[in-house]
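Inside the fold
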Amino acid sequence: MKEIKLFIDGEFRTSDKSFVSENPANGEAVAKVYIPSEKDIDLAVDSAEKAFYSKEWRGMDALKRAELLEKISDKLKERRNEIVDLEVADSGSALRKAKADVANAASYFKVLAGQLRKFAFEVKDESASRPGFSANYKIYEPVGVCAQIIPWNFPLVMAAWKIGPVIAAGCTTVLKSAQETPVTASILAEIIRDVGVPAGVVNIITGGAHEGQYLLKNSKVRKVAFTGSTEVGRKIMEGAGRNLQRLSLELGGKSANIVLDDADLSIAVDGALYAFLYHSGQACDSGTRLFVEEKIYPSFKDALVKRIADVKVGLPTDPGTGYGPVVNKKQADRILAYIETTKKEGGKLLFGGNKITTGEMAKGHYIEPTLFEVTPDHTIFNEEIFGPVLAITPVKNEDEAIRLANKSIYGLAGAVWSKNAERAKNVAKLLETGTVWINEYHLLNPGMPFGGYKQSGLGREMGEEGLKAYLEVKHLWVSDCDARDKKPWFDAIF
Ligand code: NAD
């Protein structure tokens, strides 16, 4: 069986505590996973601190770091098939989703390398500088030791989004993967070692809430980057206050999908299904609230209910599968409980609503694609489910759609569907959310920022904003007054 060890100071180590992870599709053992002790976690942070102050890492220029990022990208592509198979077994990701994850992670490292080559770490601000008085510079410097925590839904991509900017900025890190899906972050550790990232720059461990909490408490950690639920994000923000750690939070969502009455229905129907069903609905940016203008609501609803029957739920190893199981029994039970609550609250079930208990799928945690017609009072209109369940609400007009879309503690993503790009853009601008697609969904561009408004997070990943989140800015003032009598302000104390 594969062993997932701790990656600390450039070496793979075992620990006293371990468990066997299971394939969500059939319950079979996937890997023996080692959990770090508190001493191991301290060791990982010490190693990150030592690497941060090492001559090798501090002295490495940005172009060389960009080369490392590019090599990671190449290695990910080289080891694509192996990584895909492991991700499918470890997380229940459908084959097509796992392939897309590897391609996205590789592309992210590559784009980041290009961005780094162009990034000016030292900028003279001509508007602030005055000849004969001062020259003023902005100098961007790495924040220092980071602690990064990721969720189980996109294990490789989340690890890439975290580790990429650490290397780009010249920081160091201890990354904790989710113990539900620790395998591919560990492969990334092998790649990082193999391409020659110095020992200690990236340390990768796994574990649950206890290990996460312990890691974040370490006073050597200057920046915390967390992706996960809003509930845990709140606790992490409180904790970060203790040592005034810099903080990035990528949290939950309840994103709105707005179908205007002039939408191309063949695109919008498939788009609305793709928006909430990709990876069994376990995507933070899923479009889980659907608003449709009344004028087209009956025909849209009919088309949606008809088309959803074509969605292919199946074994994740089958190349034809659209989506597979959810990550574990706990998650399946949570989704089924939301379905029961919605029925009790009087939500109208339009499709699905059950666990799949037939054939090979009976061995895993598979849930039918589920459609409910609801009002804003229903629990599933407001709470993130993280499963294949859609809340549909008809709206009178676009004003009502905007008002209801913004009626949420979340603000991660969303979409507008219309043949009139200007109209859709005007609606998009009024949505309080970090990403809006027009006639599209889920697609991300590594050169553009991603993150949430409101309780969906703090800060951005990717794009220039994502790199700057790992940099401090120093104002460097160089005096251009070359004689004592040109500095009358010194006289203030004499
Ligand atoms: P979670 O919050 O339960 O756990 C996330 C990570 O935090 C895991 O590694 C977990 O072990 C760790 N953790 C849990 N409690 C902790 C604590 N008290 N202190 C420190 N670490 C702790 O989330 P999850 O169930 O793994 O993932 C699903 C959630 O992640 C959803 O809410 C989803 O929307 C969100 N998510 C957000 C984004 C984004 O970019 N905004 C991306 C993916 C997932």
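Residues numbered from 1 in each chain as written. Predicted model: local features only at pLDDT ≥ 70, side-chain atom pairs only at ≥ 80, totals over all residues. Heavy atoms only, no water.

Applying the stated criterion across every chain, the model contains 13 aromatic pairs. Taking 4.7 Å as the distance between ring centres and 35° as the angle between the ring planes, the aromatic pair formed by Phe7 and Phe12 counts as tilted. Owing to a relative accessible area of 25%, Phe12 belongs among the partly exposed residues under this scheme. The interplanar angle of 75° and the centroid separation of 5.7 Å between the aromatic rings of Phe133 and Trp477 together place this pair among those described as edge-to-face. Of this pair, Phe133 sits in the loop between β6 (122–124) and β7 (134–142) while Trp477 sits in strand β21 (residues 471–479), and the two are 344 residues apart along the sequence. What makes Phe133 partly exposed here is its relative accessible area of 23%. Trp477 gets classed as partly exposed once you look at its relative accessible area, which sits at 49%. An aromatic cluster of three or more residues is present, and its members are Phe119, Phe121 and Tyr140. The aromatic ring of Phe154 is capped on one face by Lys97, whose charged end is 4.1 Å from the ring centroid. The ring centre of Phe133 lies 4.5 Å from the NZ or CZ of Arg130, which sits over that ring. (Phe/Tyr/Trp six-rings, centres within 6.5 Å; stacked < 30°, edge-to-face > 60°. Buried < 20%, exposed > 50% of the residue type's maximum accessible area, 1.4 Å probe, protein only. Helix = DSSP H or I, 4+ residues; strand = E, 2+ residues; numbered from the N terminus. Lys NZ or Arg CZ within 6 Å of the ring centre and 35° of its normal.)

Moving on: the sheet that holds strand β1 (residues 2–4). Spatial strand order, β1-β5-β4: three strands in an open sheet with mixed pairing. This sheet does not close on itself; its edge strands, each paired only once, are β1 and β4 (17–22). The sheet shows a mean angle of 25° between the axes of neighbouring strands, direction not considered. By the bridge criterion, six bridges tie β4 to strand β5 (residues 29–35) in an arrangement that is antiparallel. From the neighbouring strand, Ser21 faces β5, where its bridge partner is Ala31. This element, helix α4 (residues 80–91), spans β1, β4 and β5 of the sheet and lies at about 95° to β4. (Pairing = 2+ DSSP bridges. Axes fitted to C-alpha atoms, helices over the stretch in contact; angles between N-to-C directions. Contact = heavy atoms within 4.5 Å.)

Further remarks concern the side chain of Asn153. Of note, Asn153 is situated in the loop between β8 (145–149) and α6 (155–169). Judged by relative accessible area, which is 4%, Asn153 ranks as buried. One polar contact links the side chain of Asn153 to the main-chain carbonyl oxygen of Gln282, over a distance of 3.1 Å. Residues within four places of Asn153 in sequence aside, it is in contact with Lys97, Met158, His279, Gln282, Ala283, Cys284 and Phe386. (Polar contact = N/O pair within 3.5 Å; in protein donor to acceptor, adjacent residues only side chain to side chain.)

One pass over the structure, following the stated rule, counts 32 salt bridges. With a shortest N-O distance of 3.5 Å, Asp9 and Lys50 are connected by a salt bridge. Here Asp9, found in the loop between β2 (6–8) and β3 (11–13), pairs with Lys50, found in helix α1 (residues 38–53); they are 41 residues apart in sequence, far enough to count as distant. Overall, Asp9 belongs to the partly exposed group, its relative accessible area being 23%. Glu11 is paired through a salt bridge with Arg13; the nearest N and O atoms lie 3.8 Å apart. Assessed through its relative accessible area of 48%, Glu11 is described here as partly exposed. By relative accessible area, which is 25% here, Arg13 ends up partly exposed. One network of salt bridges, with partners in common, ties together Asp261, Asp262, Glu293, Lys295, Glu398 and Arg423. (Salt bridge = Lys/Arg side-chain N within 4 Å of Asp/Glu carboxyl O.)

Tracing the backbone shows Phe450 in the loop between β19 (437–438) and β20 (457–458). Put simply, Phe450 and Glu340 are 110 residues apart on the chain and 33 Å apart in space, counted from C-alpha to C-alpha. Among residues more than four places away in sequence, those in contact with Phe450 are Trp161, Glu250, Cys284, Asp285, Leu412, Thr435, Leu444, Arg460, Glu461 and Met462.

Many analyses report the size of an interface as the accessible area lost when the parts associate. Along its sequence, the chain is carved into domain 1 (2–251 + 456–476) and domain 2 (256–438). Computed from C-alpha atoms alone, the centre-to-centre distance between domain 1 and domain 2 is 31 Å. Across the contact, 24 residues belong to domain 1 and 30 residues belong to domain 2. Summing the contributions of domain 1 and of domain 2, the shared interface buries around 2,000 Å²; its carbon and sulfur component is 60%. Summed over the three residues of domain 1 that lose the most area to domain 2, namely Pro24, Trp152 and Ser456, the buried surface amounts to 26% of that side. For the pair domain 1 and domain 2, the interface holds zero salt bridges. (Domains from an automatic or database assignment. Buried area = accessible area lost by both parts, 1.4 Å probe.)

Right, let's get into the site of the ligand. In the neighbourhood of the ligand, 27 residues make up the surrounding shell, with Ile150, Lys176, Ser229, Leu251 and Glu384 lying closest. Backbone polar atom of Ile150 to an oxygen atom of the ligand: 2.7 Å apart, as the coordinates give it. Contact between the ligand and Leu251: a nitrogen atom at 2.8 Å from a main-chain N or O atom of the residue. The protein chains hide 89% of the 840 Å² of surface that the ligand would expose on its own. Among the elements of the structure, α8 (209–217), β11 (223–227) and α9 (230–242) are those that each provide at least two residues to the shell around the ligand. Ranked by the residues each element gives to the shell around the ligand, the list is headed by α8, at three residues. Residues belonging to the shell around the ligand are distributed by class as follows: 15 nonpolar, nine polar and three charged. Residue assignment places the shell around the ligand across two domains, with domain 1 (2–251 + 456–476) and domain 2 (256–438) each supplying three or more. (Near = heavy atom within 4 Å. Areas by Shrake-Rupley, 256 points an atom, 1.4 Å probe, with all protein chains shown as cover. Nonpolar A, V, L, I, M, F, W, Y, C, P; charged D, E, K, R; others polar.)

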